[in-house]
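# A structural walkthrough
Read off the chains here:
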Amino acid sequence: MSRIHSKSSKSRSDTAVQGTNDNSIVSKHSMASLGYFQDDFLQYVVAKKRRRAPLINRGYYIRAKVINHMITKFLQHPSDGRKRQILSLGAGFDTAYFRLKSEGLLENCVFVEIDFPDVVKRKAASIHRQNKLNCLLEDVETSTSSPQIVINSPGYKLLGIDLTDLQTLQACMKACDIDCSLPTAALSECVITYISAKNSSKLIQWCSDYFENAVFITYEQIKPDDAFGRIMCGHFKKVGSLLRGISSYPSMSSQEERYLSLGWEQCSTSDMNVFFDSLQKKERDRLDALEPFDEYEEWHLKCAHYIVLTAEKGDCKGVYKTAETTTVNSTKIEPPTRNVTIKTFNQDGPSLQRVGHTCSVVDGIAVVTGGFGSSDGKHKRLSDVVAIDVKSGSMIDLIKDDSYELIGARMFHTATHIGSGTVLIFGGRTSPTRALDTGLLLKFTFQATNSDSENKDTNYGKESDRPENCALNEQSYAEKRRLVEDCNRTMCLKCEELFMTGAIPSARWRHSTSYVQIKGQDKVVVFGGRSPSHSNLGDMFILDVQTFNWEKVEAKGSPPFPRHSHSAAVCNNLLIISGGLGSDLQHLNSVHILDTETMLWRELGCAGQLIPRYSHTSHVAGDKLWLVGGIMPSVHPPIALTSIDLMDGTVTDYAMPSQTAGYDTPCLMLHNHCSLYLPSNGGKIMILGGGGNCFSFGTHLNDTPVYLSV
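Summary of the structure given here. (Residues numbered from 1 in each chain as written. Predicted model: local features only at pLDDT ≥ 70, side-chain atom pairs only at ≥ 80, totals over all residues. Heavy atoms only, no water.)

### Concerning the overall build of the protein
Broken down by element type, the protein carries 13 helices and 40 strands. Across the 710 residues in the protein, those meeting the buried criterion constitute 57%. Sequence separation of 24 or more characterises 67% of the internal contacts of the protein that already satisfy a separation of 6 or more. When the accessible area of the protein is evaluated, it comes to approximately 30200 Å², of which 46% is carbon and sulfur surface. (Helix = DSSP H or I, 4+ residues; strand = E, 2+ residues; numbered from the N terminus. Buried < 20%, exposed > 50% of the residue type's maximum accessible area, 1.4 Å probe, protein only. Contact = heavy atoms within 4.5 Å. Areas by Shrake-Rupley, 256 points an atom, 1.4 Å probe, with all protein chains shown as cover.)

Printed below as a string of structure tokens:
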């Protein structure tokens, strides 16, 4: 019985893995049809043609680009006139042979494709049905010596074999006259990791033992133990095609050690961020022009979780130069020795799940606006306002009038509390082609709802807003505040469209706004961001919160480079800009400080390595600047918190604990989030929202509020 169950279980798993081919070919065709990568033959093997999201198109572009780069390098490497051989292991419906053949790149080369028998039969039917495909095959044998050899021609062979059946695989190699002494490339494109670690190691070693002069090229997933990796592995588990080898070889270094231990003489790896950065700027600019794109965080995370590995032996050593496959940690980054602690605020209370939103604090209440999240069972841009008590983490009732309709759906905007219970909303976008230059004023008041205070006015405002020694309805400010905090509160909201004058900033999103005092006057400073026509903005504007007049300010001293997705924090009369995404998607690690009295910028020198990051948040506590999360694709495990001493520049990092499924810590992505520093709660940092679209694996929205402590 156990043997029968085991067989049926394997059969179900094999079927699920074959299903990944069907999904993959749809995405490849979508990517190619939009001009990301030239492959005119995908249209002949795809059953359903669908347009994928920009993030998925880019993901399959980088996959096609890196595989093509590695195959081309192999074909260009001198072979002293000897025939070359390419073995595509788990080829699926890939059309690399037909594309390379039509380009004249497979002269004196044999291309062998191997996959499950059912996949191979379906592919063979497509080839025979399409003249554009079968015309590229020459002298196809009408009968073969083995049922596994489905198509056999001098230059192309299609074999239906389970890759764990090495005895049959080797027999078919001999039957197809594959010469073990010739230069051979074994190609595995998202295949090895679906096979158990034991069986895939046998396959890797078989290739090394059987071929005297060979390279092994593999493209697959790594890093299962962070939040993105957890979502990725969970997706494949859900569809029944487990990433069986990822936990055994979770990193680039462990992958290299594996191949070297299995007979390969040298090995190198690169993640897709490094490979993408190696592309010429002209090519990267071409991609930007294909379709609107604003999912930078998800793009960098996806690329950090996929690697290309090349292993070499014999005469094929030197096909891939080290400079072209430098590992992502070319500058060694030591992992932090300390982790943060993640705790939920209120496990039984309602959850805030969204990204690209904003948060501002009004009298102990966190006011969250907009973003992208779930509403009415669908993921979409949001137009709502949510109030959360910072002390308890619980939701506060919010009473809205008809003016609430003014808010509209927007994301990557900013919200700034400018005093007297008023929050300024500025900028943001609806889509990557439509940025906003409008402003709104959200005005909040409070009502006490218990019987002891229902007739009392509790719109007490900020303590700093009231005149010195002013009596409030015969109660001191402190007494009235205590009254309100001791009873249940309801928050009331009115919205007003902001009519601005002066040098109004251009429409933008992913910018920063900061509430500061300049020469005793309350101001709001806008810096940076991006727009549909400018990927990075470096301008600065100041808004007078009394007159709502804008003034553009020219930078003096050492200002920050143009950037977006940076963070801004305020300490006394200092505005501190950290990190961000600069030109050519460069991750920035600079910290710039603006003295608002002199309007002079300076750059803070850091003692130690400050890791580049963007899409983070920041706070000043005492003499330290705390950076919360962000995208740092070159670092594993991810950094949760970084403290920077503003006096001497000392940098201290705190890592995120393992996010592997089954651990007690919640699955938490620290990007596209909001955070609040809570000095009265032990110096903890409250996280609201965050997460994003995890490539094709689903959207993950953090279940918040939670807080971090060190």
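Here the narrative resumes.
### Regarding empty space enclosed by the protein
Across all of its chains, the model carries 2 cavities of 30 Å³ or more by this definition. Looking at the largest cavity, its volume works out to about 260 Å³. Looking at the largest cavity, it is lined by 22 residues, and the ones nearest its centre are Asp226, Leu301, Gly630, Ile631 and Pro638. Of all elements in the fold, only α8 (227-238) and α12 (296-304) reach the threshold of two or more residues within the lining of the largest cavity. Considered class by class, the residues forming the lining of the largest cavity number 14 nonpolar, 6 polar and 2 charged. For the second largest cavity, the calculated volume is near 140 Å³. Counting only elements with at least two residues in the lining of the second largest cavity, the list comes to α1 (2-33), α2 (54-76) and α3 (96-102). Among the elements that take part in the lining of the second largest cavity, α2 stands out by supplying 4 residues, more than any other. Per-class residue counts for the lining of the second largest cavity are 7 nonpolar, 2 polar and 5 charged. (1 Å grid on protein atoms, 1.4 Å probe; cavity = no way out; pocket = protein on both sides within 12 Å on 5 of 7 lines; lining within 4 Å. Points joined across faces, edges and corners; volume = space filled by probe spheres on them. Nonpolar A, V, L, I, M, F, W, Y, C, P; charged D, E, K, R; others polar.)

### Some points on the nonpolar core
In terms of nonpolar packing, the biggest core is built from 81 residues, with Ile62, Phe74, Ile86, Phe98, Met272 and Phe697 touching the most fellow members. The biggest single contributor to this core is α2, with 12 residues. Apart from residues no more than four positions distant in its own chain, Ile86 is found in contact with Ile71, Phe74, Leu75, Leu106, Cys109, Val110, Phe111, Val112 and Ala185. The next biggest cluster of nonpolar side chains, apart from the first, holds 33 residues, and it includes Met173, Cys207, Phe211 and Trp264. (Core = buried A, V, L, I, M, F, W, Y, C linked by side-chain atoms within 4.5 Å.)

### Description of unusual backbone geometry
In this chain, His636 is followed by Pro637 through a cis amide linkage whose omega measures 0°. Relative to the assigned elements, Pro637 resides in the loop between β33 (624-628) and β34 (639-645). The step from Thr704 to Pro705 runs through a cis peptide bond, and the omega angle for that step is 15°. Counting through the fold element by element, Pro705 comes out in the loop between β39 (699-701) and β40 (706-709). Positive phi, close to 55°, is recorded for Asp80, a residue that is not glycine.

### Here's the deal with the packing of aromatic side chains
One pass over the full model with this rule turns up 23 aromatic pairs. Ring geometry for Phe228 versus Phe697: centroids 6.1 Å apart, planes at 75°, classification edge-to-face. Residue Phe228 is located in helix α8, and its partner Phe697 is located in the loop between β38 (691-693) and β39; the two are separated by 469 residues in the primary sequence. Residue Phe228 is classed as buried on the basis of its relative accessible area of 2%. (Phe/Tyr/Trp six-rings, centres within 6.5 Å; stacked < 30°, edge-to-face > 60°.)

### Structural notes on helix α4 (residues 117-129)
Here α4 is 13 residues long and its end C-alpha atoms lie 18 Å apart, about the 18 Å a rise of 1.5 Å per residue gives. Along α4, the residues that are buried comprise Val119, Val120, Lys123, Ala124, Ser126 and Ile127. Each buried residue of α4 lies within a common arc of 160° when the element is viewed along its axis, so the set occupies one face. Exposed residues lying more than 90 degrees from the buried face of α4 are Lys121, His128 and Arg129. (Expected span 1.5 Å × (residues − 1). Arc of directions from axis to C-beta.)

### Brief notes about the pattern of salt bridges
Taken as a whole and assessed by the stated rule, the structure comprises 24 salt bridges. Between Lys317 and Glu265 there is a salt bridge whose closest N-O contact spans 3.3 Å. Of the two residues, Lys317 is situated in the loop between β8 (306-313) and β9 (341-344) and Glu265 in the loop between α9 (252-261) and β7 (266-271); the sequence distance between them amounts to 52 residues. The exposure class of Lys317 is partly exposed, given its relative accessible area of 40%. Here Arg510 and Glu297 are joined by a salt bridge, their closest N and O atoms 2.7 Å apart. Of the two residues, Arg510 is situated in the loop between β23 (501-502) and β24 (512-518) and Glu297 in helix α12; the sequence distance between them amounts to 213 residues. This pair shows no difference in class: Arg510 is buried, exactly as Glu297 is. In the salt-bridge network here, residues are joined through shared partners; they are Asp294, Glu297, Arg429, Arg510 and Arg530. (Salt bridge = Lys/Arg side-chain N within 4 Å of Asp/Glu carboxyl O.)

### A word on the environment of Gly582
Along the chain, Gly582 turns up in the loop between β29 (574-578) and β30 (591-595). You can call Gly582 buried: its relative accessible area is 5%. Considering only alpha carbons, one finds Gly582 and His566, 16 residues apart in sequence, at a separation of 9.3 Å. In contact with Gly582, other than residues within four places in its own chain, are Asn536, Pro562 and Leu588.

### Some remarks on the sheet that holds β29
If you walk across this open sheet you meet the 4 strands as β28-β29-β30-β31, and the pairing is antiparallel. In this open sheet, the two edge strands, each paired with only one partner strand, are β28 (567-571) and β31 (600-603). Taking each pair of neighbouring strands and ignoring which way they run, the sheet shows an average axis angle of 25°. The pairing of β29 with β30 spans 5 bridges and is antiparallel. (Pairing = 2+ DSSP bridges. Axes fitted to C-alpha atoms, helices over the stretch in contact; angles between N-to-C directions.)

### A closer look at the pairing of β8
Most of β8 sits out of view: 8 of its 8 residues are buried. Across the two faces of β8 the burial is the same, with Tyr306, Val308, Thr310 and Glu312 and Ile307, Leu309, Ala311 and Lys313 all buried. Pairing analysis gives 6 bridges linking β7 to β8, with the strands arranged antiparallel. Bridge assignment links Ser270 to a residue of β8, and that residue is Val308.

### Quick notes on the environment of Lys313
Looking at where Lys313 falls in the secondary structure, it is placed in strand β8. According to the relative accessible area criterion, Lys313 is buried, its value standing at 11%. Within the local environment of Lys313, its side chain forms a polar contact with the backbone oxygen of Ser208, the two atoms lying 2.6 Å apart. Of note is the side chain of Lys313, whose polar atom sits 3.1 Å from the backbone oxygen of Phe211. (Polar contact = N/O pair within 3.5 Å; in protein donor to acceptor, adjacent residues only side chain to side chain.)

### Some remarks on the side chain of His587
Along the chain, the position of His587 falls in the loop between β29 and β30. Judged by its relative accessible area of 18%, His587 falls in the buried class. At a separation of 3.4 Å, a polar atom in the side chain of His587 contacts the main-chain carbonyl oxygen of Leu585. Excluding residues that lie within four positions of it along the chain, His587 makes contacts with His300, Gly580, Leu581, Pro612, Arg613, Tyr614, Ile631 and Pro633.

### What to know about the sheet that holds strand β5 (residues 184-189)
Taken together, the 8 strands give an open sheet; going across it, the order is β3-β4-β2-β1-β5-β6-β8-β7, and neighbouring strands pair in mixed fashion. Two strands close off the open sheet at either side, each with one partner strand: β3 (149-152) and β7. Geometrically, the sheet is characterised by an average inter-axis angle of 15° between neighbouring strands, direction not taken into account. Bridging between β5 and strand β6 (residues 214-221) involves 6 bridges; their strand directions are parallel.

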